[in-house]
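Reading the structure
Below are the chains, spelled out letter by letter.
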Amino acid sequence: MTHTRLTQLVQALLDAPTSNETVKEFAQSWINAEGTPKQEELTKQLVSVAEQNIALIDEVIDYARSERAKQSLGEEGAAKLLQHAKDLKAQGAEFCDCQACVAAKNIIDLKAEIM
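Residues numbered from 1 in each chain as written. Predicted model: local features only at pLDDT ≥ 70, side-chain atom pairs only at ≥ 80, totals over all residues. Heavy atoms only, no water.

With that out of the way, let us pick up the packing of helix H1 (residues 3–15) against helix H6 (residues 99–109). At a closest axis distance of 8 Å, the pairing of H1 and H6 adopts a crossing angle of 150°. Comparing their axes, H6 and H1 come out roughly antiparallel. Here H1 runs over H6; the crossing is left-handed. Along its contact with H1, which presents Arg 5, Leu 9, Ala 12, Leu 13 and Asp 15, the element H6 presents Gln 99, Ala 100, Ala 103, Ala 104, Asn 106 and Ile 107. Within the contact of H1 with H6, the residues separate by chemical class into seven nonpolar, two polar and two charged. (Axes fitted to C-alpha atoms, helices over the stretch in contact; angles between N-to-C directions. Helix = DSSP H or I, 4+ residues; strand = E, 2+ residues; numbered from the N terminus. Parallel < 35°, antiparallel > 145°, perpendicular 65-115°, else oblique. Left-handed = near helix turned anticlockwise from the far one by under 90°. Contact = heavy atoms within 4.5 Å. Nonpolar A, V, L, I, M, F, W, Y, C, P; charged D, E, K, R; others polar.)

Residue pairs spaced three or four apart in an α-helix point in one direction, given the helix's 3.6 residues per turn. In this model, helix H3 (residues 37–53) (17 residues) spans 24 Å end to end at C-alpha, consistent with the 24 Å of a helix rising 1.5 Å per residue. Gln 45 marks where H3 bends most, by close to 40°. On its buried face, H3 sits against H1, helix H2 (21–32), H6 and helix H7 (111–114). (Expected span 1.5 Å × (residues − 1). Bend = angle between axes of the 7 residues up to and from the residue.)

Written out as structure tokens, the structure reads:
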């Protein structure tokens, strides 16, 4: 794993519209600390942040069925998300496939190299 690849994944977390504010703040702090001992410290926390914020496909299905999803995405948007998540689950997916979750999964997959 290269530092460049890790930087791309952290930037993807920052850029993803579905990343929550905590993740975005962490990612921005990591990027701002480029080349410093602080970045090394944050890198040690990176996998934990990714693990805590990746959405399981069942969580996406539950969310898509919720009133909150209908209010946030509209009836049609929530229905589309629900169908998409069910399709992913039928294909064997364990996690959400949004940009934020894909970046988080890629970071988790690098755990042995990061730690």
